[in-house]
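Here is how the chains run, residue by residue.
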Amino acid sequence: MNRDLQSLRRDYQFDDLTEEKAGSDPLALFDAWLDQAIEICPDDPTGMLLSTVDKENRPHCRTVLLKQRDANHFSFFTNYESDKGEDIALNPNVALTFFWPALSRQVRIEGIAQKVSREVSEAYFATRPKGSQLAASISRQSQDIPSRDVLSKEFAKLEQEYQDKDLPCPDNWGGYSVTATSIEFWQGRPSRLHDRIVFTLNESGKWKVVRKAP
């Protein structure tokens, strides 16, 4: 690569994050930041990096979409037989990362993932566009396939079969809810003197807040 990567940099100028602004409730702060990201960031503001660890303790990460946010839970939906599903079945400790460049903000969440109820998965599946339902039904996510044409043919066949019918939620598809135990808010600041406020859930169920050096 001939491009000079070392010269690519910018100084973060958007805002600051004081203890007063952070408050005592990280979920309220997250919701406020997410609302602002939805208003300002045009592309996938609910996109989050999901990090898992496999049976050989190798980390894996990929981007998924936040679809539900309640209490201290962050939920996404996927194929339970995918690589991420297999990782979570073996080790439910996961990390989520949101990055909103236009706001110079990042949120890192650590917590425990567990499957949501079947009723919740089916209810969400019913709200998805028909094309997304079809894709979830025919995709053997993370498995090797011989060609793209195989997917296209299976998609077309199922589309014809359910042209005038509702598609049932696949048994191997559904949601995970991540219960947060730690949430870090990062606000980019000039000269790399970034603000980092970290909330950690203690044994009594209360949030402890500390500031960390950038």
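To be clear, the structure that these remarks concern was listed above.
A brief look at the structure comes next.

Calculation criteria
Residues numbered from 1 in each chain as written. Predicted model: local features only at pLDDT ≥ 70, side-chain atom pairs only at ≥ 80, totals over all residues. Heavy atoms only, no water. Buried < 20%, exposed > 50% of the residue type's maximum accessible area, 1.4 Å probe, protein only. Helix = DSSP H or I, 4+ residues; strand = E, 2+ residues; numbered from the N terminus. Pairing = 2+ DSSP bridges. Contact = heavy atoms within 4.5 Å. Axes fitted to C-alpha atoms, helices over the stretch in contact; angles between N-to-C directions. Parallel < 35°, antiparallel > 145°, perpendicular 65-115°, else oblique. Left-handed = near helix turned anticlockwise from the far one by under 90°. Nonpolar A, V, L, I, M, F, W, Y, C, P; charged D, E, K, R; others polar. Lys, Arg positive; Asp, Glu negative; His and termini not counted. Salt bridge = Lys/Arg side-chain N within 4 Å of Asp/Glu carboxyl O. Core = buried A, V, L, I, M, F, W, Y, C linked by side-chain atoms within 4.5 Å. Phe/Tyr/Trp six-rings, centres within 6.5 Å; stacked < 30°, edge-to-face > 60°. Lys NZ or Arg CZ within 6 Å of the ring centre and 35° of its normal.

## Quick look at the pairing of strand 7 (residues 173-187)
Most of strand 7 is tucked away: 13 of the 15 residues are buried. Of the strand pairs in this sheet, strand 4 (residues 73-79) and strand 7 are connected by 7 bridges, and their pairing is antiparallel. Note on strand 7: the bridge partner recorded for Phe 77 is Gly 175. Relative to strand 7, strand 6 (residues 105-115) runs antiparallel, the two being bridged by 11 bridges. From the neighbouring strand, Arg 108 faces strand 7, where its bridge partner is Glu 184. Note: strand 7 against strand 8 (residues 195-201), 6 bridges, orientation antiparallel.

## Remarks on the environment of Leu 65
Inspection of the secondary structure puts Leu 65 in strand 2 (residues 59-65). A relative accessible area of 34% means that Leu 65 is categorised as partly exposed. Between the C-alpha atoms of Leu 65 and Leu 90, which are 25 residues apart in sequence, the distance is 22 Å. Excluding residues that lie within four positions of it along the chain, Leu 65 makes contacts with Thr 46, Gly 47, Met 48, Ser 75 and Phe 76.

## Section: the packing of helix 5 (residues 130-138) against helix 6 (residues 148-161)
Between helix 5 and helix 6, the shortest axis-to-axis distance is 10 Å and the interhelical angle comes to 120 degrees. With respect to each other, helix 5 and helix 6 are oriented oblique. Like other packed secondary-structure pairs, helix 5 and helix 6 cross with a definite hand, here right-handed. Between helix 5, through Gly 131, Leu 134, Ala 135, Ser 137 and Ile 138, and helix 6, the contact on the second element is made entirely by Leu 151, Glu 154, Phe 155, Leu 158 and Glu 159. Taken together, the residues that form the contact of helix 5 with helix 6 break down as 6 nonpolar, 2 polar and 2 charged.

## Points about the side chain of Lys 84
Note that Lys 84 resides in helix 3 (residues 83-90). At 8.1 Å, Asp 83 is the nearest oppositely charged side chain to Lys 84, a buried residue that forms no salt bridge. Discounting chain neighbours no more than four positions away, the residues touching Lys 84 are Leu 50, Arg 62, Val 64, Phe 76, Thr 78 and Gln 141.

## Thoughts on the nonpolar core
Phe 30, Phe 74, Trp 100, Val 107, Ile 109 and Phe 185 are the most contacted members of the largest nonpolar core, which totals 32 residues. No other element matches the 6 residues that helix 2 (residues 26-40) contributes to this core. Among all residues touching Val 107, those that are not within four sequence positions of it are Phe 30, Trp 33, Leu 96, Thr 97, Phe 98, Trp 100, Ile 183, Glu 184 and Phe 185. Among the nonpolar cores identified, the runner-up in size contains 12 residues, and Phe 77, Phe 125, Leu 134 and Trp 173 belong to it.

## Some remarks on the packing of aromatic side chains
Scanning all chains against the criterion turns up 12 aromatic pairs. Both rings, one in Tyr 80 and one in Tyr 176, keep their centres 5.1 Å apart while their planes meet at 85 degrees; by these two values the pair is edge-to-face. Here Tyr 80 is found in the loop between strand 4 and helix 3, whereas its partner Tyr 176 is found in strand 7, with 96 residues between them in sequence. Tyr 176 carries the same exposure label as Tyr 80, and that label is buried. Site record: aromatic cluster; members linked through ring pairs are Phe 30, Phe 74, Phe 98 and Trp 100. Between the NZ or CZ atom of Arg 69 and the centre of the ring of Phe 74, over which it lies, the distance is 5.3 Å.

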